[in-house]
Amino acid sequence: MQPRISLITLGVRDIARAAAFYESLGLVRADGPDGVVAFDLLGQTLGLFDLEKLAEDIGVPIETLGVGGATLAHNLGSRAEVEALMLLAETAGARILKAPQEVFWGGYHCYFSDPDGHVWEIAHNPFSPLRQGDGAFRWQGYGAD
């Protein structure tokens, strides 16, 4: 696994309120699909997603996520890389929460939790290609070159 976090997703109960809060701190929204609010950071993207929908997407009860569910995402360049990293994580002791599969927004992803229960998403997002050379991630591929 390469040393980077691509997308930090925060599960929130009120997306509009949460987005307004982050915008008031000076973050600027990036274009994206309905239901997801994203802010590009330096080398990462912060995403806001409905807490109930996040629990549904992972396939766990909302109570499992606590007060503010969060996932740490690691993006890769292909579906095959997603599957290989998931296998590596499982071998290392991760608990598989969702096997690699296509997702509603057009990508390919899976979820696992580390031994302490922190949830990771491993994803291939064809709409956000990784930059050649260093593999930097930008939401919707902006600045990938």
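These remarks concern the structure in this document. What you see is a predicted model; the values in this text were computed from it and never measured.

**Let's talk about the overall build of the chain**
When helices and strands are counted, the chain shows 3 helices and 8 strands. The order of helices and strands in the chain, counted from the N terminus, is β-α-β-β-β-α-β-α-β-β-β. A compact globule built from 145 residues would reach a C-alpha radius of gyration of about 15 Å, and the chain, at 15 Å, matches this within 12%. Along the three orthogonal principal directions, the C-alpha set of the chain runs to about 45 × 40 × 25 Å. Out of the 145 residues belonging to the chain, those deemed buried represent 42%. Expressed as a percentage of contacts within the chain between residues at least 6 apart in sequence, the contacts between residues at least 24 apart total 51%. When the accessible surface of the chain is totalled, it reaches about 7,900 Å², and 55% of it is carbon and sulfur.

**Quick notes on the pattern of salt bridges**
For the structure on display, the rule yields 4 salt bridges. One salt bridge connects Arg29 with Glu23, and the closest N-O pair in it is separated by 2.6 Å. For Glu102, the salt bridge identified is with Arg79, shortest N-O distance 3.3 Å. Residue Glu102 is located in strand S6 (residues 95–102), and its partner Arg79 is located in helix H3 (residues 79–91); the two are separated by 23 residues in the primary sequence.

**A closer look at H3**
If you check H3, its first and last C-alpha atoms are 19 Å apart, about what 13 residues at 1.5 Å a residue would give, namely 18 Å. Residues of H3 that are buried include every one of Val82, Leu85, Met86 and Ala89, and no others. End-on view of H3: buried residues confined to an arc of 105°, all on one side of the axis. Within H3, the exposed residues directed more than 90 degrees away from the buried face are Ala80, Leu87 and Thr91. In this structure, the buried side of H3 is in contact with strand S5 (70–76), S6, strand S7 (108–113) and strand S8 (119–124). Two residues or fewer after H3 comes Gly93, characterised by a positive phi angle close to 110°.

**A word on the nonpolar core**
Counting 11 residues, the largest nonpolar core consists of Leu76, Val82, Leu85, Met86, Ala89, Ala94, Tyr108, Cys110, Phe112, Trp120 and Ile122. Taken together, the elements giving at least two residues each to this core come down to H3, S7 and S8. Of the residues forming this core, the biggest block, 4 residues, is contributed by H3.

**Quick look at the environment of Arg29**
Its location among the elements puts Arg29 in strand S2 (residues 29–30). Considered as a pair, Arg29 and Phe39 are 10 residues apart in the sequence and their alpha carbons are 4.7 Å apart. There is a polar contact of 2.6 Å between the side chain of Arg29 and the side chain of Glu23.

**With respect to the packing of aromatic side chains**
Applying the stated criterion to the full structure yields 3 aromatic pairs. Ring centres 6.4 Å apart and planes at 15° place the aromatic pair Phe49 and Phe104 in the stacked group. In this pair, Phe49 sits in strand S4 (residues 45–50) while Phe104 sits in the loop between S6 and S7, placing the two residues 55 residues apart along the sequence. Relative accessible area serves as the criterion here: at 11%, Phe49 is assigned to the buried category. Every member of this aromatic cluster is reached through a ring pair, and the members are Phe21, Tyr22 and Phe39.

Conventions and cut-offs
Residues numbered from 1 in each chain as written. Predicted model: local features only at pLDDT ≥ 70, side-chain atom pairs only at ≥ 80, totals over all residues. Heavy atoms only, no water. Helix = DSSP H or I, 4+ residues; strand = E, 2+ residues; numbered from the N terminus. Rg over C-alpha atoms; globule rule 2.2 N^0.38 Å. Buried < 20%, exposed > 50% of the residue type's maximum accessible area, 1.4 Å probe, protein only. Contact = heavy atoms within 4.5 Å. Areas by Shrake-Rupley, 256 points an atom, 1.4 Å probe, with all protein chains shown as cover. Salt bridge = Lys/Arg side-chain N within 4 Å of Asp/Glu carboxyl O. Expected span 1.5 Å × (residues − 1). Arc of directions from axis to C-beta. Core = buried A, V, L, I, M, F, W, Y, C linked by side-chain atoms within 4.5 Å. Polar contact = N/O pair within 3.5 Å; in protein donor to acceptor, adjacent residues only side chain to side chain. Phe/Tyr/Trp six-rings, centres within 6.5 Å; stacked < 30°, edge-to-face > 60°.

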